[in-house]
Amino acid sequence: LTTIRELFKNREEYLDKQVTVGGWIRSIRDSKTFGFIVLNDGSYFETLQVVYHDKMENFAEISKLNVGAAVVVKGTLVATPQAKQPFEIQADEVVVEGASAPDYPLQKKRHSFEYLRTISHLRPRTNTFQAVFRVRSLAAYAIHKFFQERGFVYVHTPLITGSDCEGAGEMFRVTTMDMENLPKNEDGTVDYTQDFFGKETSLTVSGQLNGETYAQAFRSIYTFGPTFRAENSNTTRHAAEFWMIEPEIAFADLEDDMELAEAMLKYVINYVLENAPEEMNFFNSFVDKGLLDRLHNVVNSDFARVTYTEAIEILEKNNDKFDYKVSWGCDLQTEHERYLTEEIYKKPVFVTDYPKEIKAFYMKLNGDGKTVAAVDCLVPGIGEIIGGSQREDDYEKLLARMQELGLKEEDYGFYLDLRKYGSTRHAGFGLGFERCVMYLTGMSNIRDVIPFPRTVNNCEL
Ligand code: 4AD
Ligand code: MG
């Protein structure tokens, strides 16, 4: 089989020659002696017209086919200069691989993204979702390429964990215990020593703590894998299962961290612009009109930088515009993040040095004793896309902070221990991969960039 993408790309080579293409029928119509099939094979969102005729022994079978059926077509590629498509296949043979029932849910009209979410097994057969998931695939490859070219080691961190990296208590529990007959301690609490791992365990919210330990051996590492959060927030930017890229660099501070983040985002944008130009044009035409201009601007200019304290000053002056009024010490909400990046800077912005109270326990305390060496990267249309920090590398300070927050030392044994043996300055960040794909495509709901989204009340297939 050849692909429709290949036929479009190297059409001169194939014109007037025999080709074989396999795909799914987008539309079909016939007259008495011949018929037309519009075929898509997923290699490209362009379709290919197939002309078949009654000299074929299975002419009747073909003519009865419904939209969605899978066929393999053999025939000659001929130029059609007057038609919308530059060429078509004059078929010699159409083999039916799988017929389609008449209630095939994708019809020729435009379906809403909401409707398509209800058929996530079939939406990859639409143009938009073919473009989204091809770009998602390319972006994942670009991220690996970026880090591998720079000598980073890809570390597979565990998905089942006994610690809570972000300390937000938003974890999905992992257990093999019988829920109806939970073993109990004398004080009535659940006795996890009888569970599979002999302790309470969950799905990880972040690979960072494990990643840090490998950075203290390899210097530069990254993780790229699924993470899970039981955040009960039904928004367009939160999923219960999402992928995160988490680089960690030793002998490095927050400045190095931001340089790495900026270089990585620019690399990924450039990569998809170069390697998926048709898809990117498609998004620019049908999903988000300003997309290409915006992305070109991003790769050609420096990200803005502002401290949390400066950002709060800017936002406070505009408090009349917000549902949630800001003041120093509060966490930034999406409306504030978007205001900063969309109205003030009009490009990606790094916000640094947040109050320690609103950030995780592992971040390095700044000299002022009030803020930590944290960084969030905010982008137009989304808000936070990256969260990172320089890590606390001082054993005593880290221990004190953990005790302050009531974290159990025994759950973080390796992590603390690491600070005793050649601990270096180090920093890292987490890029939410889905938010990155939203940014690259202009898609506005996280459910539409995940093949099978897991969100509150939704876990289909
Ligand atoms: O800011 P977060 O919580 O940072 C961490 O997890 C750190 N351990 C990362 C690190 O320093 N290694 O999450 C990082 C990013 C966010 O900026 C966001 O893009 C994404 O992960 N993210 C989510 N994406 C989709 N759905 C959710 N529920 C998300 N929560 C976080
Ligand atoms: Mg964050």
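Our subject is the structure listed above.
Residues numbered from 1 in each chain as written. Chains lettered and ligands numbered in written order. Predicted model: local features only at pLDDT ≥ 70, side-chain atom pairs only at ≥ 80, totals over all residues. Heavy atoms only, no water.

(A) Quick peek at the packing of aromatic side chains. One pass over the full model with this rule turns up 25 aromatic pairs. Look at Tyr154 and Tyr222: their rings are 5.0 Å apart centre to centre, the planes differ by 15°, and that puts the pair in the stacked class. Highlighted residues: Tyr154 in strand S6 (residues 153–154) and Tyr222 in strand S10 (residues 220–228), separated in sequence by 68 residues. Since its relative accessible area comes to 27%, Tyr154 is described here as partly exposed. A centroid spacing of 5.7 Å and a plane angle of 80° characterise the contact between Tyr308 and Trp328, whose relative ring orientation is edge-to-face. You can see Tyr308 sitting in helix H10 (residues 308–316) and its partner Trp328 sitting in the loop between H10 and helix H11 (334–344), a full 20 residues away along the chain. Given a relative accessible area of 0%, Tyr308 falls into the buried group. (Phe/Tyr/Trp six-rings, centres within 6.5 Å; stacked < 30°, edge-to-face > 60°. Helix = DSSP H or I, 4+ residues; strand = E, 2+ residues; numbered from the N terminus. Buried < 20%, exposed > 50% of the residue type's maximum accessible area, 1.4 Å probe, protein only.)

(B) Here's a closer look at helix H9 (residues 291–299). Taken together, the buried positions of H9 are occupied by Leu291, Leu292, Leu295, Val298 and Val299. Here the buried residues of H9 occupy an arc of 125° about the axis, which is enough to place them on one side. Exposed residues lying more than 90 degrees from the buried face of H9 are Asp293 and Asn297. (Arc of directions from axis to C-beta.)

(C) Looking closely at the sheet that holds strand S16 (residues 426–432). Read across the sheet, eight strands follow the order S6-S10-S11-S16-S15-S14-S13-S12 without closing on themselves; strand pairing throughout is mixed. Single-partner strands in this sheet number two, and they are S6 and strand S12 (304–307). Where strand S14 (residues 371–379) and strand S15 (residues 383–390) come together, six bridges link them in antiparallel fashion. Within S15, the position partnered with Ala374 by the bridge is Ser389. Here H11 sits on the sheet and contacts strand S13 (349–355), S14 and S15; the angle it forms with S14, its principal contact strand, is near 65°. In the packing of helix H14 (residues 433–441) onto the sheet, the strands contacted are S10, strand S11 (241–250), S14, S15 and S16, and the crossing angle to S16 comes to about 60°. (Pairing = 2+ DSSP bridges. Contact = heavy atoms within 4.5 Å. Axes fitted to C-alpha atoms, helices over the stretch in contact; angles between N-to-C directions.)

(D) Highlighting the site of ligand 1. The full set close to ligand 1 counts 25 residues, and Glu166, Gln208, Glu231, Glu246 and Glu384 are the nearest of them. Between ligand 1 and Ile386 there is a distance of 3.4 Å, counted from an oxygen atom to a backbone nitrogen or oxygen. Within the backbone of Gly387, one N or O atom sits 3.4 Å away from an oxygen atom of ligand 1. Computed on the free molecule, ligand 1 has an accessible area of 620 Å², of which 94% lies beneath the protein chains in the complex. (Near = heavy atom within 4 Å. Polar contact = N/O pair within 3.5 Å; in protein donor to acceptor, adjacent residues only side chain to side chain. Areas by Shrake-Rupley, 256 points an atom, 1.4 Å probe, with all protein chains shown as cover.)

(E) Region of interest: the pattern of salt bridges. Within the structure shown, the criterion is met by 23 salt bridges. As a salt-bridge pair, Arg5 and Glu278 come within 3.8 Å of each other at their nearest N and O atoms. With Arg5 in helix H1 (residues 4–9) and Glu278 in helix H8 (residues 277–286), this pair connects stretches of sequence that are 273 residues apart. With a relative accessible area of 28%, Glu278 lands in the partly exposed category. Among the salt bridges present, the one from Arg117 reaches Asp448, with a minimum N-O distance of 2.8 Å. Taken together, the residues span a long stretch of sequence, with Arg117 in helix H4 (residues 113–117) and Asp448 in the segment after H14 at a distance of 331 residues. Judged by its relative accessible area of 23%, Arg117 is partly exposed. Each of Arg5, Arg134, Glu278 and Glu279 takes part in a single network of salt bridges with overlapping partners. (Salt bridge = Lys/Arg side-chain N within 4 Å of Asp/Glu carboxyl O.)

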